[in-house]
Structure formats: structure tokens, C-alpha cells
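# Residue-level structural notes
The residues making up each chain are set out below.
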Amino acid sequence: MKKVVHAVISKLKPDFRAEVILRGVNEFTIKETADILHCSESKVKVDYHRALKILKKKLNMDAKEVIGNANG
């Protein structure tokens with residue numbers, strides 16, 4: 001399952017992928033993620049939510065399961 005989750009994450013658009021990895025996998029805060037990506041905290045929140053929605057739809061799981069499987 002971990003490989004499947006990683007494969008789906010790798011197909012996300014670059015901004016979404018970076019935010020999923022930073023926020024979900026590496027557990028950075030919203031502020032830390034915004035600083036790393038040089039964007040606003042609002043953009044991080046919105047993009048992260050959208051990315052999880054895409055992952056959830058493609059994997060047919062809830063958001064906590066997606067991140068849990070990514071961390072493996």
C-alpha cells in the first residue's frame with residue numbers, strides 16, 4: 001500500500017506534491033511549509049486540502065489513511 005500511495009503522490013502537480021510531503025509526511029507546520037515554499041500560509045492550507053482531496057479520491061481512502069500509509 002505504501003508504494004501505491006507514493007506512486008499517486010508522485011503524480012500530483014509539483015506544488016501539491018511538495019505540500020503533501022512537507023506537511024503530511026515530514027510533519028512540518030503550515031508556517032514552516034510556507035517559509036520553505038516561499039508562499040502564504042493560506043496557499044499552503046488550500047493546496048494541502050486540495051491535494052488530500054485528490055489523493056483521497058484516487059485511493060478511495062480518508063485523509064488520515066492516506067498520510068498514515070505514506071509514512072508507512
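Let us look at the structure shown here. (Residues numbered from 1 in each chain as written. Predicted model: local features only at pLDDT ≥ 70, side-chain atom pairs only at ≥ 80, totals over all residues. Heavy atoms only, no water.)

### Re the overall build of the protein
- Of the regular secondary structure elements, the protein holds five helices and zero strands.
- Its helices and strands in sequence order give the protein the pattern α-α-α-α-α, from N to C terminus.
- For the protein, the exposed surface amounts to about 4700 Å²; the carbon and sulfur share of it is 54%. (Helix = DSSP H or I, 4+ residues; strand = E, 2+ residues; numbered from the N terminus. Areas by Shrake-Rupley, 256 points an atom, 1.4 Å probe, with all protein chains shown as cover.)

### Details of helix α1 (residues 2-10)
- Listing the buried residues of α1 in full gives V5, V8 and I9. The buried residues of α1 occupy an angular sector of 100° when the element is viewed end-on, so they sit on one face. (Buried < 20%, exposed > 50% of the residue type's maximum accessible area, 1.4 Å probe, protein only. Arc of directions from axis to C-beta.)

### Considering the nonpolar core
- Residues V5, V8, I9, L12, F16, V20, Y48, A51, L52, L55, L59 and A70 constitute the largest nonpolar core, which totals twelve residues.
- When residues in this core are grouped by element, the largest group, five residues, is from helix α4 (residues 41-59).
- Those residues in contact with A51 that lie beyond four places of it in its chain are L12, F16 and V20. (Core = buried A, V, L, I, M, F, W, Y, C linked by side-chain atoms within 4.5 Å. Contact = heavy atoms within 4.5 Å.)

### Description of the packing of aromatic side chains
- Evaluated as defined, the whole model comprises zero aromatic pairs.
- Here K13 stacks its cationic end above the ring of F16, 4.7 Å away from the centre of that ring. (Phe/Tyr/Trp six-rings, centres within 6.5 Å; stacked < 30°, edge-to-face > 60°. Lys NZ or Arg CZ within 6 Å of the ring centre and 35° of its normal.)

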